[in-house]
Amino acid sequence: MKNKKRTGQLLSAPYLVWAAIFILVPLGMVFYYGLTDKTGAFTIANVAAIMGAEHAKALWLSIGLSVVSTLICFLLAYPLAMILANMNVNQHSFIVLVFILPMWMNFLLRTLAWQTLLEKNGVLNQILGFFHLPPLNLINTPAAIILGMVYNFLPFMVLPIYNALVKIDPSVVNAARDLGANGIQTFLKITFPLTIPGIISGITMVFVPALTTFVISKLLGGSKILLIGNVIEEEFTQAGNWHLGSGLSIVLMIFIIFNMVISAIFDKNGEGSML
Amino acid sequence: MTKTGKKNAVKTTAQKIYIGLIFLFLYAPILTLILLSFNASRVRTKWGGFSFKWYVSLFGNREIMQALWNTLFIAFVASLAAAVIGTAACIAVNRMTRKKRAVVMGITNIPMLNADIVTGISLMLLFISFGFKFGLGTILLSHITFCIPYVMLCVMPRIRQVDASVYEAAMDLGASPLRAFFKVVFPDILPGVLSGYLMAFTMSLDDFIITHFTKGAGVDTLSTKIYTEVKKGIKPEMYALSTIIFLTVLLLLFLVNRPPKEKIDKQNI
């Protein structure tokens, strides 16, 4: 018995040490820098800086764009996941693969490719012109950033919902139909509630990266549109004010923690996983 | 055709069109990049005719080749280390009490649920504060850190399915714990370890944000190289390289997935 305990400790020790050094300590550092000034004295000025006009504007814009993208992702993903779940593909891994495959082409290049597609004389406008439709001026607008977010994060919404749908026991749905529920009633009372863990997990997986991105806004939004991610990135790489950058990151983490708590409430058993 | 039959046919067609449109959306940028890799013109916006020249000059481009080796090296080592540490951690976590397990898994999930930018800057602050030398090493440590949760996500469900009594039976029959593990438990969890490894490899390969904050000057992966090229214009060799990578993976997946596909066809017949 004692021996068993020792093997357990031996196995868990490397990971626990690793997690402490590379997960917990770094997060502590962010809080330390965010809550101190250059002299090392405690201050909340770095966190309160989010109220400043420029930072608040960036934060609101980030929230707005990420909420819209998350909503669009959900509206596109749910029907898609339902169709895929009904297709009776014997290989579930194949579905996962189709959505993960694009990741093998570099994320920055894929996002940059949208420049070519959306530009004034880009592919999209040439297609529109062919049908004598007015051109769309999308590049360097918030709309292009939303498109980039939906494009990059849609798989993270589809996969958890798809997994939740596939797990539903068909006999439960059949029972509802036998008891006289019509298609819509069955969907609203049975299918949809059973997929809520998947939906919540999808929302978390899309909302957090969308809220905090600085790459998509830089590549598709031109240099004029600043999201909160861009502000933080510049504090670290150009302005060199780590204290302010950390303070603003703490604000971001508040949103992330809020998001995690919500997903923990709805998804107690970890059902809404991606795989 | 009956009325319901007709309705169903319309429905399936609509569904197929919808799937088609979504996949067009997901794969249009990839097609664009593949086309650009064959574009004789150096400018992205102009089509200068079909050419293989970027594929030739790619192999003479030292910087890109160096970035490629860095990327592959990091992805390979980081995902391997993550697979070993993550699998050992899963076995250990599975033996813990419920409460302890919840705490450890909560910490494990932090890098996956947290924003990449926060993970990136937190590691950057750690490396600066403790005097790490920025370079391949710091990128590796960071990648291992964010890869472990993906491995554990894949391995954990497998570990839970393993019947503990089988392992104990092997030990009762005289096997050492290590031998019992590799003969009895490991084959059962291997698929999970493999998919975790692949997932970690993919995530490492595609990562930009965390690498951006934890790399030193002069060390580049493909992602960070592309990022610095954005302003000057992407070198067309980059399109050629990413096309090669993508098509290689596609081919590999096709080869790996062929046998089960045939099985399905037979079942349908």
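So, how was this worked out
- Residues numbered from 1 in each chain as written.
- Chains lettered and ligands numbered in written order.
- Predicted model: local features only at pLDDT ≥ 70, side-chain atom pairs only at ≥ 80, totals over all residues.
- Helix = DSSP H or I, 4+ residues; strand = E, 2+ residues; numbered from the N terminus.
- Rg over C-alpha atoms; globule rule 2.2 N^0.38 Å.
- Buried ≥ 20, exposed ≤ 12 C-beta atoms within 10 Å, placed from the backbone.
- Contact = placed C-beta atoms within 7 Å.
- Nonpolar A, V, L, I, M, F, W, Y, C, P; charged D, E, K, R; others polar.
- Domains from an automatic or database assignment.
- Expected span 1.5 Å × (residues − 1).
- Core = buried A, V, L, I, M, F, W, Y, C linked by C-beta atoms within 7 Å.
- Axes fitted to C-alpha atoms, helices over the stretch in contact; angles between N-to-C directions.
- Parallel < 35°, antiparallel > 145°, perpendicular 65-115°, else oblique.
- Left-handed = near helix turned anticlockwise from the far one by under 90°.
- pLDDT = per-residue confidence, 0-100.

### Notes on the overall build of chain B
Along the backbone of chain B there are eleven helices and zero strands. Helices and strands appear in chain B in the N-to-C order α-α-α-α-α-α-α-α-α-α-α. The C-alpha atoms of chain B give a radius of gyration of 24 Å, which is well past the 18 Å a tight globule of 269 residues would have. Its C-alpha atoms give chain B principal-axis dimensions of about 75 × 70 × 30 Å. A total of 269 residues make up chain B; the buried ones form 37% of that total. The long-range share in chain B, meaning contacts at least 24 apart out of those at least 6 apart in sequence, stands at 76%.

### Overview of the overall build of chain A
When its secondary structure is counted, chain A shows 13 helices and zero strands. Based on the C-alpha atoms only, the size of chain A along its principal axes is roughly 80 × 70 × 35 Å. Looking at chain A residue by residue over its 275 residues, the buried ones come to 42%. Of all intrachain contacts in chain A linking residues separated by at least 6 positions in sequence, the fraction that spans at least 24 positions is 75%.

### Looking at the interface of chain B and chain A
At the junction of the two partners, chain B supplies 63 residues and chain A supplies 63 residues. Grouping the constituent residues of the side of chain B that touches chain A by class yields 47 nonpolar, twelve polar and four charged.

### Digging into the domain arrangement of chain A
Domain annotation for chain A reports domain 1 (1–34) and domain 2 (48–266). Listed by partner, the interface residues are four residues for domain 1 of chain A and six residues for domain 2 of chain A.

### Here we look at helix α5 (residues 116–129) of chain B
Note that an α-helix has 3.6 residues per turn; residues three or four places apart therefore point the same way. All names here are of chain B. Helix length check: α5, at 14 residues, gives a terminal C-alpha distance of 20 Å against a target of 20 Å (1.5 Å per residue), a fit within 8%. Across the 14 residues of α5, twelve count as buried, placing the element largely inside the fold. Along α5, the residues classified as buried are D116, I117, V118, T119, G120, I121, S122, L123, M124, L125, L126 and F127. One or two residues past the end of α5 sits G131, with phi positive at roughly 65°.

### Notes on unusual backbone geometry
Residues and elements named next belong to chain A. Even without being a glycine, H132 presents a positive backbone phi close to 55°. The phi torsion at N140 lies on the positive side, around 65°, for a residue other than glycine. Secondary-structure assignment places N140 in the loop between α6 (123–130) and α7 (142–167). Using a count of 17 C-beta atoms within 10 Å as the deciding quantity, one classes N140 as partly exposed.

### Concerning the nonpolar core
Across soluble globular proteins, nonpolar side chains have a tendency to be buried as a group. Among the nonpolar cores identified, the biggest contains 130 residues, and M157 and V158 of chain A together with A82, C147, V151 and A200 of chain B are the most heavily contacted of them. No other element matches the 16 residues that α7 of chain A contributes to this core. Filtering out sequence-adjacent residues up to four positions away, V158 of chain A remains in contact with A77, L80, A81 and F99 of chain A.

### Topic: the packing of helix α13 (residues 242–266) of chain A against α5 of chain B
Relative orientation and spacing of two packed helices are given, respectively, by the angle between their axes and the distance between those axes. Where α13 of chain A meets α5 of chain B, the closest approach of the two axes is 11 Å, and the angle between their N-to-C directions is 140°. The orientation of α13 of chain A with respect to α5 of chain B, classified from their angle, is oblique. Every pair of crossing elements has a handedness; the one defined by α13 of chain A and α5 of chain B is left-handed. When α13 of chain A is examined against α5 of chain B, the residues W242, G245, S249, L252 and M253 of chain A are found in contact with a partner set consisting of V118, I121 and L125 of chain B.

### Regarding the environment of I203 of chain A
Residue and element names in this part refer to chain A. Relative to the elements of secondary structure, I203 occurs in helix α10 (residues 196–212). Distance in space between the C-alpha atoms of I203 and C73 is 8.6 Å, their sequence separation being 130 residues. Not counting residues within four places of it along the chain, the set of residues in contact with I203 comprises T70 and F74.

### Observations regarding the packing of helix α3 (residues 62–95) of chain B against helix α8 (residues 177–206) of chain B
Residues and elements named next belong to chain B. At a closest axis distance of 8 Å, the pairing of α3 and α8 adopts a crossing angle of 145°. Note on packing geometry: the crossing formed by α3 with α8 is right-handed. Contact with α3, carried on its side by T71, I74, A75, A78, S79, A82, A83, G86 and T87, involves V193, G196, Y197, A200, F201, S204 and L205 of α8 and no other residues of that element.

### Let's talk about the environment of G86 of chain B
All names here are of chain B. Secondary-structure assignment places G86 in helix α3. On the basis of neighbour count, G86 is assigned to the buried category, with 28 C-beta atoms found within 10 Å. The spatial distance from the C-alpha of G86 to the C-alpha of M152 is 5.4 Å, given a sequence separation of 66 residues. Excluding residues that lie within four positions of it along the chain, G86 makes contacts with I148, V151, M152, V155 and G196.

### Examining the confidence of the model for chain B
Residue and element names in this part refer to chain B. Chain-level statistics for chain B give a pLDDT mean of 87 and a share of 94% at 70 or above. Taken together, the stretch residues 260–269 has pLDDT below 50 and engages in two contacts with residues farther than four places along the chain or on a different chain. In the model output, the complex is listed with pTM 0.87 alongside ipTM 0.86.

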